[in-house]
Amino acid sequence: MKISSRGEYALRALIYLGTKNNEVITIEEISDKTLVPVNYLEQILLQLKRNGYVQSRRGVNGGYKLSRSPDEINIGEVIRNLEGPLAPMGCVSVTSYESCPIEAGCLLKPLWALVRDTVANLLDHTTLNDLLKGDL
């Protein structure tokens, strides 16, 4: 599993919005505070909106805000929605399994499964609120 800039930037945007107590924040302000280019941020926020994490308002007072409370936003879910499976290798993916010709006798498979489980457990037990409070 590798987190792309899309996943990193999405989490930055969610964290920033989470600090704003349900205020509507302009995309320019989010971009400025998260160091994410506006054009790229527009795409990311659209995807976050489609997945139900943020909502938008148009017009002069337009912008974005969280559509759920920070304790209802699960980081594992966000990453899976943006990045796909958490497994480092297809042969241990729960949702996107890919067979391998040497899989039956592969001594690396248990290691990759442990990595998958460890990462999934950590992300699945972390909420946006945990990140905002620094509770890791």
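Residues numbered from 1 in each chain as written. Predicted model: local features only at pLDDT ≥ 70, side-chain atom pairs only at ≥ 80, totals over all residues. Heavy atoms only, no water.

Within the chain, the secondary structure is distributed over six helices and two strands. If you line up the chain on its principal axes, its C-alpha atoms span 60 × 30 × 20 Å. Within the chain, the proportion of its 136 residues that are buried is 37%. In the chain, the share of contacts with a sequence separation of at least 24, taken over all contacts with a separation of at least 6, comes to 60%. Carbon and sulfur atoms provide 53% of the accessible area of the chain, an area that totals close to 8,100 Å². Within the chain, the 16 negative side-chain charges are centred at a point lying 4 Å from the centre of the 15 positive side-chain charges. (Helix = DSSP H or I, 4+ residues; strand = E, 2+ residues; numbered from the N terminus. Buried < 20%, exposed > 50% of the residue type's maximum accessible area, 1.4 Å probe, protein only. Contact = heavy atoms within 4.5 Å. Areas by Shrake-Rupley, 256 points an atom, 1.4 Å probe, with all protein chains shown as cover. Lys, Arg positive; Asp, Glu negative; His and termini not counted. Charge placed at Lys NZ, Arg CZ, Asp CG, Glu CD.)

Glancing now at the environment of Leu45. By the secondary structure assignment, Leu45 is in helix H3 (residues 38-50). Under the relative-accessibility criterion, Leu45 is labelled buried at 0%. The sequence separation of Leu45 and Arg58 amounts to 13 residues, and the corresponding C-alpha distance is 14 Å. Setting aside residues no more than four positions away along its own chain, Leu45 makes contact with Ala13, Ile27, Ile30, Val54 and Tyr64.

With that settled, the discussion passes to a nonpolar patch on the surface. On the surface, Leu108, Leu111 and Val115 cluster together into a nonpolar patch covering about 230 Å² of accessible area. As for its position among the elements, Leu111 is in helix H5 (residues 109-124). The class for Leu111 is partly exposed, based on a relative accessible area of 42%. (Patch = residues over 30% accessible without salt bridge, like charges linked within 9 Å, V, L, I, M, F, W, Y side chains within 5 Å. Salt bridge = Lys/Arg side-chain N within 4 Å of Asp/Glu carboxyl O.)

Moving on to the pattern of salt bridges. As enumerated under the stated definition, the model contains six salt bridges in all. One salt bridge in this structure joins Glu103 and Lys109, with 2.5 Å as the shortest N-O distance. According to the relative accessible area criterion, Glu103 is buried, its value standing at 14%.

Close contact between helix H1 (residues 5-18) and helix H4 (residues 75-83) brings their axes to 9 Å; oriented N to C, the two are set at 140°. The angle between the axes of H1 and H4 places the two elements in the oblique class. Crossing handedness for the pair H1 and H4: right-handed. Contact with H1, carried on its side by Arg6, Gly7, Ala10, Leu11 and Leu14, involves Ile75, Val78, Ile79, Leu82 and Glu83 of H4 and no other residues of that element. Residue composition of the contact of H1 with H4, by class: seven nonpolar, one polar and two charged. (Axes fitted to C-alpha atoms, helices over the stretch in contact; angles between N-to-C directions. Parallel < 35°, antiparallel > 145°, perpendicular 65-115°, else oblique. Left-handed = near helix turned anticlockwise from the far one by under 90°. Nonpolar A, V, L, I, M, F, W, Y, C, P; charged D, E, K, R; others polar.)

A separate point is the pairing of strand S1 (residues 54-57). As paired elements, S1 and strand S2 (residues 63-66) share four bridges and run antiparallel to each other. Each residue of the ladder has a partner; that of Gln55, found in S2, is Lys65. The loop that links S1 with its antiparallel partner S2 comprises five residues; one of these, Gly59, has a positive phi angle of about 100°. (Pairing = 2+ DSSP bridges.)

What follows deals with the packing of aromatic side chains. Counted according to the given criterion, the structure contains one aromatic pair. Judged by centre distance (5.6 Å) and plane angle (80°), the ring pair of Tyr9 and Tyr40 falls under edge-to-face. Residue Tyr9 is located in helix H1, and its partner Tyr40 is located in helix H3; the two are separated by 31 residues in the primary sequence. Classification of Tyr9 as buried rests on a relative accessible area of 18%. (Phe/Tyr/Trp six-rings, centres within 6.5 Å; stacked < 30°, edge-to-face > 60°.)

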